[in-house]
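# Architecture at a glance
Here is what each chain is made of, one letter per residue.
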Amino acid sequence: MSAFTETALIKKLAELNSSQQSIQTLSLWLIHHRKHSAAIVKTWQRELENVPEPKKLTFMYLANDVIQNSKKKGPEYGREYSNVLAKVFAHIGEKCSSDKLLGSLGRILNIWLERGVYDAKAINDYRARLHRESGGSKNGSKSNDAEAGDKEREKEHSSSSGAGGGSGSRSEKSERREKRKHEERHAKSKKQRHHHHHQSSSSSSSAPAPAEEVAAEPENGHTPPYVPLGEPPEPEELIKALTSIENSASSDAEVRERIAKLPQEISEISCITKLEDKDKAKALANQVNEAVDLLNDYNSRLAAEMEERTKLAAMLRDFQAEQKELLAQAETRLDEHKKKLNKMLGLQKEIHDHLSNLPDLTQLPDVTGGLAPLPSAGDLFNALH
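Bear in mind the structure is a predicted one, so any value in this text is a computation, not a measurement. (Residues numbered from 1 in each chain as written. Predicted model: local features only at pLDDT ≥ 70, side-chain atom pairs only at ≥ 80, totals over all residues. Heavy atoms only, no water.)

Moving on, we get to the overall build of the chain. Tallying secondary structure elements over the chain gives 16 helices and zero strands in all. Relative to its 385 residues, the chain shows a buried fraction of 33%. Total accessible area on the chain stands at roughly 24,700 Å², and carbon and sulfur atoms take up 54% of it. (Helix = DSSP H or I, 4+ residues; strand = E, 2+ residues; numbered from the N terminus. Buried < 20%, exposed > 50% of the residue type's maximum accessible area, 1.4 Å probe, protein only. Areas by Shrake-Rupley, 256 points an atom, 1.4 Å probe, with all protein chains shown as cover.)

Below you can see the structure in the form of structure tokens.
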């Protein structure tokens, strides 16, 4: 990866867009340079305050991805972001009024609370600042009882929403609406997966019954952080992600060949006893150092590839779930149209039968043969004069 500079970071933030691929790429770059986390978070905050409202959400998705995916490598980003998130949410609550933006940020806060990214007190403070609620942070600071639980948080949340005014109420409704839509979609896709798994397990007697619960756990755990609640990706984004995997570390034949051709002496401790002089020892040490650098770089690339493949698997899962849902809807519509078609064909047959039972007018006798012809328009005009 390229070296870290503040200028390079500002350029990458300027080029950042809302696609999953863009957020993933920059997130991996930031995690790789986590020793500069303090400068990165400070620059991220400064640039977020200067971008237009739609891009602020993209910046927050980036922060969400970095915070969650960097936890296993160190607490640097979680700690640094905790120092600025209160100001960031206050800034967004003051400058932005989009219900969609506030609802999306509310979902991110819900995920942080569920996964223990930050404690409930901090989440309540962020939420209150986001909705500009004067009572929310006060109530959050007063709640120091560890046994208060979810009921206490709900009580604080409802009281703070009452103090927040009209904009806070709209934001709360938007957040609840977004969450309810996700829960309905997630429940539907989970029901489909459960039904499919039940069918496959019933066909094989060797499959243990508790496997369903075990299989359901990783799916929620691997939900892409940059799309907090498993929203399906666009086909173009999925194609880009699949294309990027083609050039991954595991398919780098050149580096794998170099690793395969490393001399045996650098990995066999017994070869040290065969060293005869200092020059050979230095040459072996140089070979070992070069091999260590090569392997460390390749291992870091493989680790990044594993993360990308994990996110890609989640994208494919969400995309497949959406396509199954769309297929079910299309099949329902097809059945409805088939019923309408059959009804129309039946009606067409009835009309045809009715027409076939009507008398043929050409076979009737001529009843006008003895009558005088009707006068023309000219005759009528002349008759008036």
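What follows concerns the packing of helix H13 (residues 235-246) against helix H15 (residues 278-357). To describe two helices that pack against each other, one gives the angle between their axes and the distance between the axes. Put simply, H13 and H15 touch, their axes get as near as 11 Å, and they point 150° apart. On the basis of the axis angle, H13 is roughly antiparallel to H15. Where H13 crosses over H15, the two elements pack in a sense that is left-handed. Listed contacts from H15 to Pro 235, Glu 237, Leu 238, Ala 241, Leu 242 and Ile 245 of H13 are Glu 308, Arg 309, Leu 312, Met 315, Leu 316 and Phe 319. Class assignment for the residues of the contact of H13 with H15 results in nine nonpolar, no polar and three charged. (Axes fitted to C-alpha atoms, helices over the stretch in contact; angles between N-to-C directions. Parallel < 35°, antiparallel > 145°, perpendicular 65-115°, else oblique. Left-handed = near helix turned anticlockwise from the far one by under 90°. Contact = heavy atoms within 4.5 Å. Nonpolar A, V, L, I, M, F, W, Y, C, P; charged D, E, K, R; others polar.)

What follows covers the packing of aromatic side chains. Enumeration over the complete set of coordinates arrives at seven aromatic pairs. Centre to centre, the rings of Trp 112 and Tyr 118 are 5.5 Å apart; their planes meet at 75°, and the pair counts as edge-to-face. Classification of Trp 112 as buried rests on a relative accessible area of 0%. One aromatic cluster is present, built from ring pairs that chain together Phe 89, Trp 112, Tyr 118 and Tyr 126. (Phe/Tyr/Trp six-rings, centres within 6.5 Å; stacked < 30°, edge-to-face > 60°.)

With that settled, the discussion passes to a nonpolar patch on the surface. Taken together, Met 344, Leu 347, Ile 351, Leu 355 and Leu 358 make up a surface patch of nonpolar side chains, about 480 Å² in accessible area. Mapped onto the secondary structure, Ile 351 falls in helix H15. (Patch = residues over 30% accessible without salt bridge, like charges linked within 9 Å, V, L, I, M, F, W, Y side chains within 5 Å. Salt bridge = Lys/Arg side-chain N within 4 Å of Asp/Glu carboxyl O.)

Bringing the confidence of the model for the chain into the picture now. Residues with a pLDDT of 70 or more make up 70% of the chain, whose mean pLDDT is 75. Mean pLDDT per element in the chain: helix H12 (residues 211-221) is the minimum at 35, and helix H3 (residues 37-48) is the maximum at 94. Confidence drops under a pLDDT of 50 for residues 134-171, and excluding neighbours within four residues, the segment shows 30 contacts in the predicted structure. (pLDDT = per-residue confidence, 0-100.)

Another point: the pattern of salt bridges. Summed over all chains, the structure comprises 10 salt bridges. The salt bridge involving Arg 46 is made with Glu 6; its shortest N-O contact spans 2.9 Å. Of the two residues, Arg 46 is situated in helix H3 and Glu 6 in helix H1 (residues 6-15); the sequence distance between them amounts to 40 residues. The partly exposed category is assigned to Arg 46, whose relative accessible area is 32%. Look at Glu 6 and you get partly exposed, because its relative accessible area is 41%. One network of salt bridges, with partners in common, ties together Glu 6, Arg 46 and Glu 47.

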